Structure formats: structure tokens, C-alpha cells
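Examining the three-dimensional arrangement
So the chains spell out like this:
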Amino acid sequence: MRGWLALLILALGCGPDVEPPPPDFAAILYPDDNPSTPAGMALGERLFFDPILSADRTVSCGTCHRPALAFSDGRPVSVGVGGLAGTRNTPGLANIGYLHQPLFWDGRADNLETQALHPIGTVHEMGGNWPAVIERLD
Ligand code: HEC
């Protein structure tokens, strides 16, 4: 499960046709036990923009992380399911795979795999829960 969710983000910046970065450029952090594949990246991209992951099927990751705004949303604080406002600004995700530091404004997620577990159950984001999402995806 955690594999395809982490690929939600990795998928967006590293497709197979993209030229490799210069040699001195920081490497993308891929988990050793979760190799990146074209099929996984395609699934990750699809799920990133699919509202099926939210409680009422109205909010996707891409609702707040909009490609046209460097994967941010242009608002002072994010707005999720039912119009509920969050408490923090949505960070842009462009080149996020190259970020070698903890994620979220307070650094509470160590990497993209653990970060991707948060939005599904956060009340003012996707407002759902993992058992329900897993059942939907089965
Ligand atoms: C309702 C808006 C909203 C939705 C939906 C949402 N996010 Fe976010 N995202 C945010 C906000 C706000 C933060 C910052 C939260 C914090 O720091 O506490 C954030 C932080 C992040 C970060 C950390 C970025 C950094 O630089 O630290 C990543 C990665 C991310 N989101 C990916 C996702 C993924 C993947 C999904 C879908 C599974 C998703 N987000 C759904 C608003 C949203």
C-alpha cells in the first residue's frame, strides 16, 4: 500500500523519458524496498488526481497541489473536504523528490512514503480513513 502512495509524488517529476539530472545534482531518494517502475508511476499520477481517496470523493491531492501553481494552491491556508479550512499554507511540491530533509512545515514526516499516509485521514484535507479507502480501491 505505502508503495503506490509514495509514487504519487515521485511520479510527477521523474518519468522514464525525462533526461537525467547533471552528475552533481542531488539524487532522488528512492526507497530500497520500493523500486520505481513506469506502471507504479502511472498509478501514482492517476491517484494523485483522483478524488476517490477523500471521504466524499471531492478532494484529490491535486485539489491543493495544483500543477499550474508549482503544486501549491495559491491560498493562505488549504481548504479540504466540506470546505473546511486548514491551519497551514500548502507547500509547492515541484522537485520534492530531491528534498533531503523531513517533510511538512514542522518536519513530522521523515520521507515521502510516510508523508503520503497523512492527508487521507486529516479532517480538513481528505477527511476519510484508510480502511474505507483500501476497501474502495480493492
Ligand atoms: C486540503 C489540501 C491538501 C490535500 C488534499 C493534500 N495536501 Fe499535501 N499538503 C497540504 C498542506 C496544507 C501541507 C502542509 C501541512 C503541514 O505542514 O502541516 C501539505 C504538505 C504536503 C507535503 C510536504 C511538502 C513539504 O515540502 O514538506 C507533501 C509531499 C504533500 N503534501 C503531498 C500530498 C499528497 C500525496 C496528497 C494526497 C494523498 C496531499 N498532499 C493532499 C495540503 C493538502
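Numbers given for residues are sequential positions, taken from 1 along each chain in its written order. Note on the predicted model: pLDDT of at least 70 is required for a residue's local features to be given, and 80 or more for side-chain atom pairs to be given and counted; whole-chain, interface and lining totals, by contrast, use all residues. Only hydrogens and water are set aside; all other atoms, that is, all heavy atoms of the structure, feed into the side-chain values.

This part takes up the overall build of the protein. The helix count covers DSSP runs of H or I at least four residues long, the strand count covers runs of E at least two residues long, and both are numbered beginning at the N terminus. Helices and strands together make up the secondary structure of the protein, namely six helices and zero strands. When the helices and strands of the protein are listed from N to C terminus, the series reads α-α-α-α-α-α. Looking at the protein as a whole, 36% of its 138 residues qualify as buried. Working rule for contacts: check all heavy atoms of both residues, and any pair within 4.5 Å makes them a contact. Summarising the internal contacts of the protein: among those between residues at least 6 apart in sequence, 52% fall at separations of at least 24. With an accessible surface of roughly 8100 Å², the protein has 57% of that area assigned to carbon and sulfur atoms. The classification of residues rests on relative accessible area computed with a 1.4 Å probe and restricted to protein chains. Under 20% of the type maximum is buried, over 50% is exposed, and intermediate values are partly exposed. Throughout, the Shrake-Rupley method with a 1.4 Å probe supplies accessible areas, and for residues the shown protein chains are the sole cover considered.

The next thing to look at is the pattern of salt bridges. Take a side-chain nitrogen of Lys or Arg and a carboxyl oxygen of Asp or Glu: if they are within 4 Å of each other, that pair is a salt bridge. Under the defined criterion, the tally for this structure stands at two salt bridges. Ionic pairing is found between Arg88 and Asp106, a salt bridge with its closest N-O pair at 3.2 Å. With Arg88 in the loop between α3 (61–64) and α4 (112–115) and Asp106 in the loop between α3 and α4, this pair connects stretches of sequence that are 18 residues apart. Notably, a salt bridge pairs Asp106 with Arg108, separated by 3.0 Å at the nearest N-O pair. Three or more residues joined by partner-sharing salt bridges are found here, namely Arg88, Asp106 and Arg108.

What follows deals with the coordination of the iron atom of the ligand. For Na, K and Ca the donor cutoff is 3.2 Å, while for all other metals N, O and S atoms must lie within 2.8 Å; water is not among the atoms, so some sites may look incomplete. Counting protein donors to the iron atom of the ligand gives just one, His65 (NE2), placed at 2.1 Å. Tracing the sequence through the fold places His65 in the loop between α3 and α4.

Residues of helix α2 (residues 38–48) that are buried include every one of Gly40, Met41, Gly44, Leu47 and Phe48, and no others. Projected onto a plane normal to the axis of α2, the buried residues spread over an arc of 130° and lie on a single side. Across α2 from its buried face, at more than 90 degrees, point the exposed residues Pro38, Ala39 and Arg46. To be clear, the arc concerns the directions from the helix axis to the C-beta atoms.

With that settled, the discussion passes to the packing of aromatic side chains. When two rings of Phe, Tyr or Trp (its six-membered ring) have centres within 6.5 Å they constitute a pair, described as stacked for plane angles under 30 degrees, edge-to-face for angles over 60, and tilted for the intermediate range. Summed over all chains, the structure comprises three aromatic pairs. Ring centres of Phe25 and Tyr98 lie 5.1 Å apart, and the angle between their planes is 85°; on these two criteria the pair is classed as edge-to-face. With Phe25 in the loop between α1 (2–13) and α2 and Tyr98 in the loop between α3 and α4, this residue pair connects regions lying 73 residues apart in the sequence. Judged by relative accessible area, which is 46%, Phe25 ranks as partly exposed. Taking the centre distance of 6.2 Å and the plane angle of 80° together, the rings of Phe48 and Phe71 count as edge-to-face.

What follows covers the site of the ligand. In this text, near means that some heavy atom of the residue lies within 4 Å of the molecule or strand in question. By nearness alone, 26 residues border the ligand, and Cys61, Cys64, His65, Phe104 and Trp105 come closest of all. In the model, an oxygen atom of the ligand is placed 2.6 Å from a nitrogen or oxygen of the Phe104 main chain. Pairs of N or O atoms within 3.5 Å make up the polar contacts considered here, provided that, within protein, one atom can donate a hydrogen while the other can accept it, and that residues adjacent in sequence are counted only when both atoms are side-chain atoms. Within the contact set of the ligand, a nitrogen atom lies 3.3 Å away from a side-chain nitrogen or oxygen of Gln115. For the shell around the ligand, the elements supplying multiple residues, two or more each, are α1, α3 and α4. Each residue is assigned to one of three groups, with Ala, Val, Leu, Ile, Met, Phe, Trp, Tyr, Cys and Pro labelled nonpolar, Asp, Glu, Lys and Arg labelled charged, and all others, Gly among them, labelled polar. Counted by class, the shell around the ligand contains 15 nonpolar, eight polar and three charged residues.

Okay, the nonpolar core next. Of all hydrophobic cores here, the largest spans 17 residues; its most connected members are Leu53, Ile120 and Met126. For this core, the secondary structure elements donating two or more residues are α2 and α6 (130–137). Leave out the neighbours within four places in its chain, and Met126 touches Leu53, Ser54, Ala55, Val59, Ser60, Cys61, Val81, Pro119 and Ile120. For this analysis, a nonpolar core means a set of buried residues of the types Ala, Val, Leu, Ile, Met, Phe, Trp, Tyr and Cys, connected via side-chain atoms within 4.5 Å.

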